[in-house]
Amino acid sequence: PFESMYLTVHGAPTCLPIEAAATPTSLSEAMPTHPTLGVSVDSICCIGAGYVGGPTCATIALKCPHIKVTIVDLNEARIAAWNSDDLPIYEPGLAEVVKARRGKNLFFSTDVQGAIQESDIIFASVNTPTKVSGVGAGRAADLRYIESVGRTVAQSANRSKIIIEKSTVPVKTAEALSRVLAANKGPHTYWILSNPEFLAEGTAMKDLAFPDRVLIGGAPTEEGMAAAGVLADIYATWVPRSRILTTNLWSSELSKLVANAMLAQRVSSINSISQLCERTGADVAEVSRAIGTDSRIGPKFLNASIGFGGSCFQKDILNLVYICESEGLHEAAKYWQQVVDMNEHQKATFSGKIISSLFNTVTNKKISVFGFAFKKDTGDVRETPALSVCHMLMQDGAVVHVYDPKVKREDALAEFRYHNMDVDERRLIFAPSPASAVEGSHAIVVLTEWDEFKTYDYGAFYEKMMKPAFLFDGRALLSRAALEGIGFEVHAIGQARPQGGCMRIREADGPLPVTFAPPPRQLTPAGCCASTTGRVILVTGTAGFVGFHAAIALRTRGDGVLGIDNFNGYYPPSFKRARAKALEEHGVLTLNVDLNDAEALSSLFKEHRFTHVLALAAQAGVRYATKDPQSYVKSNIEGFVNLAEVARAQDPMPRIVYASSSSVYGLNTKVPFAEDDVVDQPASLYAATKKSNEMMAHTYRHVYGLSFIGLRFFTVYGPWGRPDMAAFSFTKKIMTGEPLKIFQGPNESELERDFTYIDDITKGCIAAVDKVTPSTKQTAMNKVYNLGNKDPVTVSYLVDCIETALG
């Protein structure tokens, strides 16, 4: 993720390598001492080496190599971990940044006093947990560590300091901190700033590199504004000034609490609707998609789940509730308390469904739990919903086998202890692999949305489980249809269990259900785009060989899929229409649309808001290019550019996976072919057009931030294959007794081909769809992968196989 990082300077995108930062862009770079405050601006101390302090100050060290950054903590084991290759927290991209700057301008130490004396800019990034006893227990923030920071700074300071609240704190904490410092300050002056973090675990490094906003609160005095300016100058090294917001201390402190409360409110709101969906037959994913397209609402934080977790949401809402009550705003307090209550209700309801579905008892039953972290891409278990679900199952007698790729058993047990939950440790097993977790279990329970969970072979899991085998999807992550096809009884958040294909409606005044058979459904583009995964994919060339199979696979796993094709006459269009007809049985429509019809494409994108494009439409055939070169230029070059232009006009822009070809290797003689080989010797016009696609993908990624993966297909064969391909043309000629024309290589050598079965190509397409990153300037990728068999055979061997099969 750190091959290059983007920085906007005066509106122009610039590539900033991981080691970069050269010319001064702010006061702090140009001048080591502030002219008004007299503080040194070339050294920063961060007190607290946790989830906030570590990533934040590591990013400052990366972006500001002229500033020495020292992160201190009294926990020796934690500091030792920061100085090792095994960091104490997992965050994608963090290890690369720490490795790049550690020992240069980034240091980790237990010498708190020394770091305070050396630095005049001090971040307070200590924990502010919810109080567990005393006044406000269970709601108010425990500020003992913030108070301790104030006393430590006052005792150690050798000159005036800027102190920055980085922890999440209640309103007026700065006032309390100021009083502690004032009582112990001696001759020094302290300027207190509020700089709340707005990071999401799993994307924290991206959030820091490309923040939506940086909020700085300070005292409304000349010196207070100057202190805020010092911090703003540091951030301005890589953050556009327009995204750096300054306000007063109290507004800044409250903004953090309110931001988390509003986000949590959306989660609880859609979770309440998920329960209604399960009762009525609606699909919460479809409801989320429908309301999320409303620009006033937007799609974020509308994914139904077992509930929110993490260190911030619940803590900050309860803190907000306590503040409202303290100020006499009891109705406001009740309103926000309901957000937390709904979250607890969702976890209890989900856990109860597991027990009731398993014949009202899980005593001594093995339950496989996939995921314990509160969200994917982190090992954090604080307030994780898995805690309540696993505890309730164990209380009912279950033996819970957990598999999570990043969570350690000791961390899970520590969280149980923190919440005073008694755990029989014999009933909580952390499995080394998903397969061992599943062996002999009665049910799989998905509690974290790790991407790898979507890639597992659930057919193999099913064979190892007790029957009936249950799967409870607490994240609506997996394809229900595929799992039910295997044999699982599936219970997914926000989806009603099917009732024999009919909908049951209970009359208000009678106990008996009335059953109505649904009328036959007519396939519509909107219906095809209905998705249970959040992905809505435009597949171009669905009447073609690879597009046909890829569309079926994507739709089967729950993606929304709409196809287009121009049904050209390169080979009989009747064959293409037969494929299109067969696709309808799988819920995929193929519209007659040409890639060069910009108006039609734009209309489709506007109506269906595709998240991905699988671009497989192309004029195929190497030798046909000598007969009709213009068709290759029009389809493969003009069509590709037109598709990219329409895609970049969308907001957000879709991710694109496109078909290249092994023919780009052209006259290359080095084998095996590798993606980093130079491919500038195409041997056909077809190959040249495919190489042009790869070059255009690079350009559109660099200039506009479109994200691409190109797949160089090797020789593909299988059912519904192209009739002009060797397997079909040879078979026809053998059956009719016609001679075969087999071409030779240099020196009369036999040609070899990497014949690749269509199912493997399809799996590669799906993997690319899952791998391609979002299309933004900050996250876009451009990669090319070979997709083919690794064991080439001669063409004459293919002929032998066909002749043997034909007898």
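Relevant structure appears above.
Below, the structure is looked at part by part. (Residues numbered from 1 in each chain as written. Predicted model: local features only at pLDDT ≥ 70, side-chain atom pairs only at ≥ 80, totals over all residues. Heavy atoms only, no water.)

With respect to the packing of aromatic side chains
Okay, step 1: Using the criterion set out here, one finds 29 aromatic pairs in the structure.
Okay, step 2: Both rings, one in F548 and one in W720, keep their centres 5.0 Å apart while their planes meet at 45°; by these two values the pair is tilted. Placement of the pair is F548 in helix 20 (residues 545–556) and W720 in the loop between strand 25 (716–717) and helix 25 (726–736), with a sequence separation of 172 residues.
Okay, step 3: An aromatic cluster is present here, built from F370, F453, Y456, Y458 and F461 joined pairwise through their rings.
Okay, step 4: Taking the ring centre of F198 as reference, the NZ or CZ of R213 above it sits at 3.7 Å.
Okay, step 5: The residue whose ring lies beneath K467 is Y462, and the NZ or CZ to ring-centre distance is 4.6 Å. (Phe/Tyr/Trp six-rings, centres within 6.5 Å; stacked < 30°, edge-to-face > 60°. Helix = DSSP H or I, 4+ residues; strand = E, 2+ residues; numbered from the N terminus. Lys NZ or Arg CZ within 6 Å of the ring centre and 35° of its normal.)

A short note on the sheet that holds strand 24 (residues 708–713)
Okay, step 1: If you trace the seven strands from one edge of the open sheet to the other, you get 21-20-19-22-23-24-28, paired in parallel fashion. Edge positions in the open sheet fall to strand 21 (590–592) and strand 28 (782–787), since each of these has one partner strand only. Along the sheet, successive strands turn relative to each other by an average axial angle of 20°, direction set aside.
Okay, step 2: Bridge count for strand 20 (residues 560–565) against strand 21 is three bridges, and the pairing is parallel. Bridge pairing links G563 to T590 in strand 21.
Okay, step 3: Across the sheet, helix 22 (residues 598–608) is in contact with strand 19 (536–540), strand 20, strand 21 and strand 22 (612–615); its angle to strand 20 comes to roughly 175°. (Pairing = 2+ DSSP bridges. Axes fitted to C-alpha atoms, helices over the stretch in contact; angles between N-to-C directions. Contact = heavy atoms within 4.5 Å.)

Describing the sheet that holds strand 16 (residues 489–492)
Okay, step 1: The sheet built from six strands is open, its strands ordered 13-12-11-14-15-16 with parallel pairing. Looking at which strands have only one partner, the edges of the open sheet turn out to be strand 13 (428–430) and strand 16. Going across the sheet, the axis of each strand differs from the next one's by a mean of 20°, ignoring polarity.
Okay, step 2: One ladder, built from four bridges, connects strand 11 (residues 366–370) with strand 14 (residues 443–446); its direction is parallel. Note on strand 14: the bridge partner recorded for S368 is I444.
Okay, step 3: Sheet strands in contact with helix 14 (residues 385–395) are strand 11, strand 12 (399–403) and strand 13, and its direction is about 155° off that of strand 12.

Notes on the state of the cysteines
Okay, step 1: One pass over the structure, following the stated rule, counts zero disulfides.
Okay, step 2: Of all cysteine sulfurs, the one in C312 lies closest to C324, which takes part in no disulfide; the gap is 18 Å. (Disulfide = S-S within 2.5 Å.)

A few points about helix 14
Okay, step 1: The element helix 14 is largely enclosed, with a buried count of nine among its eleven residues.
Okay, step 2: In the segment just after helix 14, G397 is the residue with positive phi, at about 105°. (Buried < 20%, exposed > 50% of the residue type's maximum accessible area, 1.4 Å probe, protein only.)

Looking at the environment of D559
Okay, step 1: Looking at where D559 falls in the secondary structure, it is placed in the loop between helix 20 and strand 20.
Okay, step 2: With a relative accessible area of 0%, D559 lands in the buried category.
Okay, step 3: The spacing of D559 and V536 is 23 residues in sequence and 6.0 Å in space, taken between C-alpha atoms.
Okay, step 4: Ignoring any residue separated from it by four or fewer positions in sequence, one finds D559 in contact with A530, S531, T533, R535, I537 and L554.
Okay, step 5: Polar contacts involving the side chain of D559 include one to the side chain of T533, which spans 2.5 Å. (Polar contact = N/O pair within 3.5 Å; in protein donor to acceptor, adjacent residues only side chain to side chain.)

Side note on the environment of I162
Okay, step 1: Among the secondary structure elements, I162 is positioned in strand 7 (residues 161–165).
Okay, step 2: Relative accessible area serves as the criterion here: at 1%, I162 is assigned to the buried category.
Okay, step 3: As a C-alpha pair, I162 and V536 span 374 residues in sequence and 49 Å in three-dimensional space.
Okay, step 4: With residues near it in sequence (within four places) discarded, I162 still touches L37, V39, D120, I121, I122, W191, L193, A227 and V230.

What about a positive patch on the surface?
Okay, step 1: Where like charges cluster on the molecular surface, the positive patch consists of R623, K733, K741 and R753.
Okay, step 2: Here R623 shows up in the loop between strand 22 and helix 23 (629–648). (Patch = residues over 30% accessible without salt bridge, like charges linked within 9 Å, V, L, I, M, F, W, Y side chains within 5 Å. Areas by Shrake-Rupley, 256 points an atom, 1.4 Å probe, with all protein chains shown as cover. Salt bridge = Lys/Arg side-chain N within 4 Å of Asp/Glu carboxyl O. Lys, Arg positive; Asp, Glu negative; His and termini not counted. Charge placed at Lys NZ, Arg CZ, Asp CG, Glu CD.)

Purely geometric numbers; function is a separate question.
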